[in-house]
Amino acid sequence: MDPITKLRALCLSRGATGINGLGRIFRNMDDDGSKALNEYEFTKGIKECGLDVSNEEIKEMFRSFDEDGSGSINMTEFLLKLRPPMSQARLAMIDKAFSKMDKTGDGVITLEDLKNVYTAREHPKFKSGEKTEDEILTDFLHNFEGGRGNLDGKVTKEEFINYYATISASIDNDEYFEFMMKKAYALE
């Protein structure tokens with residue numbers, strides 16, 4: 001079993017099945033209260049958990065958690081790695097939403113796709129003249145590309161799934177996740 005899977009199993013065995021339990025583990029490791037774990041705090045926390053891993057495995061885990069290479073692990077990075085993979089029900093909802101947004105069916109969501117499903121005319125910055133509709137829609141696309149994407153204005157299915165994996169990590173209940181997706185995308 002790889003070290004992250006071992007840590008996930010240890011957390012689950014201690015009743016940290018949901019976001020609150022995993023958040024509690026993160027906060028316990030965060031000695032300085034910075035809402036981020038440096039390598040020292042992470043190493044100390046892993047050792048205090050009693051996880052049977054080597055110092056090299058702890059270093060590997062830290063690098064794996066620190067997706068943005070900042071030298072620290074934030075709560076989102078922590079939760080994304082520790083939460084069990086998304087359920088098939090969540091992935092199916094994400095797939096439905098992506099398909100609805102990808103009007104051309106070419107596997108990417110572009111500005112042209114968005115114009116068919118999303119209007120920016122009621123956006124306060126459009127109304128005030130600060131931004132054009134295209135600028136607002138481009139900003140909307142960049143939300144999905146985020147820190148993991150390349151900000152090319154084309155949202156791939158992988159980028160879309162990664163975006164919702166982050167959101168999913170903070171929602172314990174599949175039914176609530178499904179409700180949220182149905183409301184956000186007017187899905188049936």
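Residues numbered from 1 in each chain as written. Predicted model: local features only at pLDDT ≥ 70, side-chain atom pairs only at ≥ 80, totals over all residues. Heavy atoms only, no water.

Scanning the protein from N- to C-terminus turns up 11 helices and 4 strands. For the protein, the spread of C-alpha atoms along the three principal axes comes to 55 × 35 × 25 Å. If you take every contact in the protein between residues at least 6 apart in sequence, the share linking residues at least 24 apart comes to 53%. As presented, the protein carries roughly 10500 Å² of accessible surface, and 50% of it is formed by carbon and sulfur atoms. (Helix = DSSP H or I, 4+ residues; strand = E, 2+ residues; numbered from the N terminus. Contact = heavy atoms within 4.5 Å. Areas by Shrake-Rupley, 256 points an atom, 1.4 Å probe, with all protein chains shown as cover.)

Before going further, it helps to examine the environment of E60. Within the secondary structure, E60 is located in helix α4 (residues 55–65). Classification of E60 as partly exposed rests on a relative accessible area of 44%. Placed 57 residues apart in sequence, E60 and P3 show a C-alpha to C-alpha distance of 8.7 Å. (Buried < 20%, exposed > 50% of the residue type's maximum accessible area, 1.4 Å probe, protein only.)

Once that is clear, we can look at unusual backbone geometry. Despite not being glycine, K35 has its phi angle at roughly 65°, a positive value. Note on placement: K35 falls in the loop between α2 (19–29) and β1 (36–37). Residues other than glycine seldom take positive phi values, yet A186 does so here, at roughly 50°. Within the fold, A186 resides in the segment after α11 (174–185). Looking at A186, the relative accessible area reads 59%, which means it is exposed.

Running from amino to carboxyl end, helix α3 (residues 39–49) crosses α4 at an angle of 125°, the nearest separation of the two axes being 10 Å. Here α3 is positioned oblique relative to α4, judged by the angle of their axes. As for the relative orientation of α3 and α4, their crossing is right-handed in sense. Residues E39, F42, T43, I46 and K47 of α3 pack against N55, I58, K59, M61, F62 and F65 of α4. (Axes fitted to C-alpha atoms, helices over the stretch in contact; angles between N-to-C directions. Parallel < 35°, antiparallel > 145°, perpendicular 65-115°, else oblique. Left-handed = near helix turned anticlockwise from the far one by under 90°.)

Counting 24 residues, the largest nonpolar core has I109, F160, Y164, M181 and Y185 as its most contacted members. If you list the elements that add at least two residues to this core, you get α6 (88–101), α9 (133–145), α10 (157–168) and α11. Contacts of I109, omitting those with residues within four sequence positions, involve F98, M101, D102, L114, L141, G153, K154, V155 and F160. In terms of nonpolar packing, the next biggest core, distinct from the first, is built from 22 residues, I4, L7, L10 and F42 among them. (Core = buried A, V, L, I, M, F, W, Y, C linked by side-chain atoms within 4.5 Å.)

If you check the domain split of the protein, you get domain 1 (3–82) and domain 2 (88–185). On a C-alpha basis, the centres of domain 1 and domain 2 stand 29 Å from each other. (Domains from an automatic or database assignment.)

Before going further, it helps to examine α10. In a regular helix each residue adds 1.5 Å, so 12 residues correspond to 16 Å; α10 covers 16 Å between its end C-alpha atoms and thus fits that length. Among the residues of α10, those classed as buried are E159, F160, Y164, A165 and S168. Where α10 is buried, its residues touch α5 (75–82), α6, β3 (108–109), α9, β4 (155–156) and α11. (Expected span 1.5 Å × (residues − 1).)

Along α4, the residues that are buried comprise I58, M61, F62 and F65. The buried residues of α4 occupy an angular sector of 100° when the element is viewed end-on, so they sit on one face. (Arc of directions from axis to C-beta.)

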